[in-house]
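Now for the letters of each chain:
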Amino acid sequence: MAPPAAGETAAAGGDAQPQQQRQAGGGFGQTITGIIRIAVFCYFASKFFSPKQKPVDPSKPPPHLMSNLFQKGEPLDMWFYLSENYKFNDFGNDGALVWHETNIPYAVWKPESTRTLSMKYYPSEALKNNGSLYAHVFFARSGFPIDPNDPEYQPLNCFGRTHPVATYLPKRKADKKKSLLGNPKDSAESNAQVEETSQGVDEHDSELKDEGPVEWISYWKPNVTINLVDDFTRYPQHGVPPNIAPYIQVEPTTVNYYPIVFFNEFWLLRDKLIAINETVSELPLNIEVSPISMTKWQLFEQIEQSFQVHRSYGSMLDGESDELKRVFLEGNPYLLGITMCVSMLHSVFDFLAFKNDIQFWNKNKSMEGLSAKSVVLNFICQFIIFLYLLDNDTSWMILASSGVGVCIEFWKIGKAMRIEVDRSGMIPRLRFHDRESYARNKTKEYDDMAIKFLSYVLLLLVAGFAIYSLAYERHKSWYSWILSSLTSCVYMFGFIMMCPQLFINYKLKSVAHLPWRQMTYKFLNTIIDDLFAFVIKMPMLHRLSVFRDDVIFLIYLYQRWVYPVDKTRVNEFGFGGEDDSADPKKITDQEDDKKTN
C-alpha cells in the first residue's frame, strides 16, 4: 500500500529516542524555552502578518462579516460512524453507527457538554491487512436529520468532519544489533524484540534506515477526542487568519461558517498506538466529545507547529515532543513549574560558568598547582562522546554543540601544554611538552602520582565493563562496542577525571584562593541537574553521573575548610595572590613560549 500523506504521519507524533543520546545532547529546560519562544513568535506573526484590511470606501457597502451559524448553548445531536471509506453517505447502515448522543449544549461549559464512550472494536480482515478506517462525526440541531435523502434535511442545520482512526507508519526493520561473540540466543532475542516493538512505536527512526523499500503498516488510535471550538468571532470574508482558515467550513448561500470541529490528538502519545495485524482480534476505542476554548485550541496548534519547526531544523528529535508531553501528563504540576523557572536560571549559570572558564584559560600565566593531565583526559572524554553521538545518527544541532565542546577542550590543552609541530617526517606531527611552570615544581610530581594510581582503577573498571557489555549486550559492530563501552565508562567513572586536582590540593595542603565565583556557577548548575534527574526519565548511568559532581564539590568545600589559604601559591585556575614581579626567579609560561619561539 502506498505511504500515507505526510500530515497523517506527523499527526501521530514521533518515536521515543534512546535516552542516553537525548541526555547527552542538551538540557530539558533549553528545549522548553525554545518551544515557548517559537509558539509566542508564531502567535504574534499570525497577528501582525495576517491579511490587512484595505481602507473603507464610503461609497461602497461595508464588507460582509462571516458569523457562526449556530448560537451559544444551542442543543446538538451527534452521530459517530466508522467506515473504511473516506467518503461516507450510508446513513442507514446501523452497523457503521458506533455512537449517537442527543441534546449536547454547544459551547457551554457544563457537565452535560462532555460525553464519553469506551468500547471494543473488532477489525475486519481488510483492516488487518494494512487497510484504512475513518471516523465520520456529524452534528445537527436537535430534531433535524443528517441524511441528505431525508425530506426534512436542511444543509444549514448540520455539519460534520472526517478523521482517520488508523494511521500509517514505517514498519521497523530487523534489529541490526547482534551478539559479537555469536551467542545462539541472540537470534531469538532479536526476533522477540522486533515482535515486541511491532506492538508499539517507541523506537528510534534511525533504526528503520536500511537498504530496500520501506514497508508501511497501519496503527490504531485508541483515543478519539472531538472538540467543538467555542468561537463566535465575526471574520471578514477574505480576511480569516491563516492559522484558522483551514478549519473553517463556509456555507455558500449565507456565506457564514459552521462550528469548528477539532480532532484533538495533542495528548495522544505515539507509544500508545497499537499495531494492526492478523493476530489482533479486538481493539480498544475511547471516544470523547467536549467543548474547547479558542485560546486553548490555538495554543495546542502553536505548540505543534513549534515542534515541527524544531524537527525541521534538527534541534529536536522525533521522540522528544512525546517525552515533553509525558512530563506534563505524569509530572507534578508544582514541580514542573519550579523546573521551568529553574531551567531558565540554568541557562544563565551555564553561560556565566562558560564565560569565566574561557576568561581564565585565556589569561592564565602559570600552570603551577594545575593538573595538566586532567585537561587532556577531559578532551579525550569529550571526543569519545562526540564519536558516540556521530555513530548513533544524532541530529546535527547536537553534533555541532558537542563538536564545539571538543574544540574548546583541545584549545585548553594548548594553554596547559606547549604544542609544537614536527615537520621532520613525511607527515607533520604534533608534539606536546610540559610548561616550565608545571614541570619545575611539585605539581607535575603529584599529578603523575595521582594519574598513576587512578589509571589502575580506571583501566580495571573499563575492562570489566567492556567485557560485561561484550558478553551480555548486543552491538552493531566492534567499533560500536568500543564506543559504547568507552562512553558508558565516561558516564559512570567520569568523576575519576576530576580527582587529580583534589589529590594535588591534598598533597600541597592548600587550596589557595580558588575562583569561587566560577565554582559557584558550576555548583548551582549541578543542583539544577539534580532536580532534572528526578523529573526526567533517564538511564541510571546518566543519573549517577549527575550526582557525581555533587561529591566532587563537597570535597572541594571540605578542602576549603581544612586547608589554609596560601596567597603565595598560584591557585588552580592560574591566579596568585602576589604579583609575579615580586619573585624574580618565577618563570611564567609566556616567557617559556618566547624561549621556544
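Residues numbered from 1 in each chain as written. Predicted model: local features only at pLDDT ≥ 70, side-chain atom pairs only at ≥ 80, totals over all residues. Heavy atoms only, no water.

As for the pattern of salt bridges
- If you walk through the whole model with that rule in mind, you get nine salt bridges.
- For the salt bridge of Asp-230 with Lys-72, the shortest nitrogen-to-oxygen distance reads 3.2 Å. Within this pair, whereas Asp-230 is found in strand 9 (residues 223-230), its partner Lys-72 is found in the loop between strand 1 (65-66) and strand 2 (75-83), the two being separated by 158 residues in sequence.
- Judged by relative accessible area, Asp-230 falls into the buried class, the value being 19%.
- In this structure, the salt-bridge partner of Arg-326 is Asp-271, at a minimum N-O distance of 2.8 Å. Note that Arg-326 is positioned in helix 7 (residues 320-330) and Asp-271 in the loop between strand 13 (261-263) and strand 14 (274-275), a separation of 55 residues in sequence.
- Overall, the relative accessible area of 10% leaves Arg-326 in the buried class.
- Here Asp-271 falls in the partly exposed class, since its relative accessible area comes to 25%. (Salt bridge = Lys/Arg side-chain N within 4 Å of Asp/Glu carboxyl O. Helix = DSSP H or I, 4+ residues; strand = E, 2+ residues; numbered from the N terminus. Buried < 20%, exposed > 50% of the residue type's maximum accessible area, 1.4 Å probe, protein only.)

Regarding the UniProt feature "transmembrane region" (unreviewed entry) in the protein
- Cross-referencing UniProt, the feature "transmembrane region" (unreviewed entry) maps to residues 334-354, 375-390, 396-414, 453-472 and 478-499 in the present numbering.
- With 100% helix and 0% strand, residues 375-390 has its two end C-alpha atoms placed 23 Å apart.
- In this annotation, residues 453-472 is assigned 100% helix and 0% strand; the end-to-end C-alpha distance for the span is 29 Å. (UniProt positions renumbered as here; feature names shortened; annotations may be inferred.)

Things to note about the confidence of the model for the protein
- The share of residues in the protein with pLDDT of 70 or more is 67%, and the mean pLDDT across the chain is 74.
- Counted against residues more than four places away or in other chains, residues 192-211, with its pLDDT under 50, gives 50 contacts. (pLDDT = per-residue confidence, 0-100. Contact = heavy atoms within 4.5 Å.)

Quick word on the environment of Pro-155
- Here Pro-155 lies in the loop between strand 5 (134-141) and strand 6 (158-164).
- Taking the C-alpha atoms as reference, Pro-155 lies 9.4 Å from Ala-140; in sequence the two are 15 residues apart.

Considerations on the sheet that holds strand 5
- The four strands are arranged 3-2-5-6 in an open sheet whose pairing can be described as antiparallel. In this open sheet, the two strands that pair with only one neighbour each are strand 3 (97-105) and strand 6. If you compare each strand with its neighbour and ignore which way they point, the axes differ by 15° on average.
- The sheet contact formed by strand 5 and strand 6 spans seven bridges and is antiparallel. Within the sheet, the bridge partner assigned to Ala-135 lies in strand 6 and is His-163. (Pairing = 2+ DSSP bridges. Axes fitted to C-alpha atoms, helices over the stretch in contact; angles between N-to-C directions.)

Considerations on the sheet that holds strand 4 (residues 115-121)
- Spatially, 4-15-9-13 is the arrangement adopted by the four strands of the open sheet, whose pairing is mixed. Looking at strand neighbours, the two that pair on one side only are strand 4 and strand 13, the edges of this open sheet. Each strand axis lies, on average, 20° off the axis of its neighbour in the sheet, ignoring direction.
- Bridge count between strand 4 and strand 15 (residues 283-293): seven bridges; the pairing is antiparallel. From the neighbouring strand, Ser-118 faces strand 15, where its bridge partner is Asn-286.
- Each of strand 9, strand 13 and strand 15 touches helix 6 (residues 294-313); the most contacted strand, strand 15, lies at about 125° to it.

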